[in-house]
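Below, each chain spelled out in residue letters.
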Amino acid sequence: MKSAPLLYALILFLLIRIINDIPSGLNYFSHSVQFIAIEVAGVIAGSYLNFYFARQWMEFCRKKKIGNIVEHAVVCMVPCALAVGIMSMSHDTPLLSEAIEMIIPFTVTVLITVWMYLALKNHVLNRLYTETLLKEEKSIHAKSALELQLLRNQFHPHFLFNMLNTIYFAVDDNNEEARDAIEHLSKLLRSQLSNDDKPVTLNREVALLDSYIALYRLRYKNDVDIRMDIDHSYREDLIHPHLLQPLVENAFKHLGGRPARVTITLQRPNRALIFCVENTVTTTPESTDSKLQKSGFGLENLKKLLALQYADCHKLEIERTATHCTAKLTLAL
């Protein structure tokens, strides 16, 4: 495709000369060398500009879902504008006085440009289709590997839940703290043992986070300041499961400092979700990085899930200082 603009310029120039000059008996090469040089250089430069614009415009139309009529109308106007610019530099007489003679060059330019644009669009769509097939194939393989790993890790879940229920009812009724801990743990285990990766409501994911945080409140008591600021306007918006908890796990895993603090915020601006988890640390940024590289399996798995489920519509940012670590996940819903 690198030589396509030059080929387009050659075809365009030859067609205009053949269709415009031969029927009228004109000899194009009777013009001055300067006239011919300006037009030839202009056609070549205009072809490269036209190809660049076509690629950018095609991507813009695809993302913004511009209609075909508007898309191709703009495609037709750009080469005409370039042609006017080239002719104004090479012709000595005003272009309006030659308006009739410009009909054929303009018509040929538009037709060849539309043909070029459709050919380029077909090439781009074929490439995107191939990339999509490859991503889907990778996703299927990754999902199969994940399911196999989950199956290997699941050891008689019914037995586990039966034991939790047994322990729950064995605990004294007055010990509400212990009963709450068992109930929260049971909710988390059920969600983790589920193989279904279909989107769930944000309400469900936040409820699991509440259980997770409740367990840590029981563990740390008043030693850790845990703050949550959740925007509850999400209602029934859907999200793939298990994307929020790894960031909270990471925060508690590397928690430190005096006083120790974890701050969790969830915001819903427009059609986006911004989930931010900030925790205090006691190590330097360098040692924190080293520790995460050795044990950050949760973050690595999260990155893989995001790449599969939110390929082009997510952003994961992790910033570390000497006293704080901040993880910020932005998703387009």
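Structure shown above.
Residues numbered from 1 in each chain as written. Predicted model: local features only at pLDDT ≥ 70, side-chain atom pairs only at ≥ 80, totals over all residues. Heavy atoms only, no water.

Undergrad: How would you sum up the side chain of Asp 237? Please name residues and give values.
TA: Considering the arrangement of structural elements, one finds Asp 237 in the loop between strand E2 (224-230) and strand E3 (238-239). For Asp 237, a relative accessible area of 15% puts it in the buried group. In contact with Asp 237, not counting residues within four places along its chain, are Val 200, Thr 201, Leu 202, Arg 268, Arg 271 and Leu 333. (Helix = DSSP H or I, 4+ residues; strand = E, 2+ residues; numbered from the N terminus. Buried < 20%, exposed > 50% of the residue type's maximum accessible area, 1.4 Å probe, protein only. Contact = heavy atoms within 4.5 Å.)

Undergrad: Summarise the sheet that holds strand E5 (residues 272-280); cite the residues concerned and give the values.
TA: Read across the sheet, five strands follow the order E2-E4-E5-E7-E6 without closing on themselves; strand pairing throughout is mixed. In the strand order of this sheet, the two ends are held by E2 and strand E6 (314-320), each with one partner. Strand-to-strand twist of the sheet, defined as the mean angle between neighbouring strand axes without regard to direction, takes the value 5 degrees. Sheet topology places strand E4 (residues 260-267) next to E5; six bridges connect them, and they run antiparallel. Counterpart to Leu 266 in the pairing with E5 is Phe 275. Relative to E2, helix H7 (residues 202-220) is tilted by about 165 degrees, and along the sheet it contacts E2, E4 and E5. Relative to the sheet, helix H8 (residues 245-253) contacts E2, E4, E5, E6 and strand E7 (324-332), its axis offset from that of E5 by approximately 10 degrees. (Pairing = 2+ DSSP bridges. Axes fitted to C-alpha atoms, helices over the stretch in contact; angles between N-to-C directions.)

Undergrad: Summarise the pattern of salt bridges; cite the residues concerned and give the values.
TA: Per the counting criterion, the structure on display carries twelve salt bridges. Where Lys 121 meets Glu 71, a salt bridge forms, and the shortest distance between an N and an O atom there is 3.2 Å. Linking Lys 121 in helix H4 (residues 103-153) with Glu 71 in helix H3 (residues 68-90), this pair joins segments that are 50 residues apart in sequence. Note on accessibility: Lys 121 and Glu 71 belong to one class, buried. Taken together, the shared-partner salt bridges in this structure form one network comprising Glu 59, Arg 62 and Lys 63. (Salt bridge = Lys/Arg side-chain N within 4 Å of Asp/Glu carboxyl O.)

Undergrad: Residue-level account of the pairing of E4, with values.
TA: Here E4 shows one buried face, formed by Ala 260, Val 262, Ile 264 and Leu 266, and one open face, formed by Arg 261, Thr 263, Thr 265 and Gln 267. Bridge analysis of E2 against E4 gives seven bridges, and the strand direction is parallel. Across the sheet, the residue bridging to Ile 226 is Val 262, located in E4. From the end of E4 to the start of E5, which pair antiparallel, there are four residues, and Asn 270 there has a positive phi angle of about 50 degrees.

Undergrad: Any chance you could break down the nonpolar core for me, citing the residues and the numbers?
TA: Ranked by internal contacts, the top residues of the largest apolar core, which has 35 residues, are Leu 244, Val 248, Phe 252 and Phe 275. Mapped by element, the contributors of at least two residues to this core are H7, E2, H8, E4, E5, helix H10 (297-309) and E7. With 18 residues, the next largest nonpolar core counts Tyr 8, Ile 112, Leu 120 and Val 124 among its residues. (Core = buried A, V, L, I, M, F, W, Y, C linked by side-chain atoms within 4.5 Å.)

Undergrad: Which residues make up the pairing of E5, and what values go with them?
TA: Consecutive residues of a regular strand have side chains that alternate between opposite faces of the sheet. Where burial is concerned, most of E5 is hidden: eight out of the nine residues are buried. Relative to E7, E5 is paired through nine bridges, and the arrangement is antiparallel. In the sheet register, Thr 280 faces E7, and the bridge partner there is His 324.

Undergrad: How would you summarise the packing of aromatic side chains if you had to cite specific residues and measurements?
TA: A complete count under the given rule lists seven aromatic pairs for this structure. Centre to centre, the rings of Tyr 216 and Phe 252 are 3.9 Å apart; their planes meet at 10 degrees, and the pair counts as stacked. Within this pair, whereas Tyr 216 is found in helix H7, its partner Phe 252 is found in helix H8, the two being separated by 36 residues in sequence. Residue Tyr 216 is classed as buried on the basis of its relative accessible area, which comes to 15%. A residue is classified by how much of its surface remains accessible, and Phe 252, at 4% relative accessible area, is buried. Look at Tyr 220 and Phe 252: their rings are 6.1 Å apart centre to centre, the planes differ by 15 degrees, and that puts the pair in the stacked class. (Phe/Tyr/Trp six-rings, centres within 6.5 Å; stacked < 30°, edge-to-face > 60°.)

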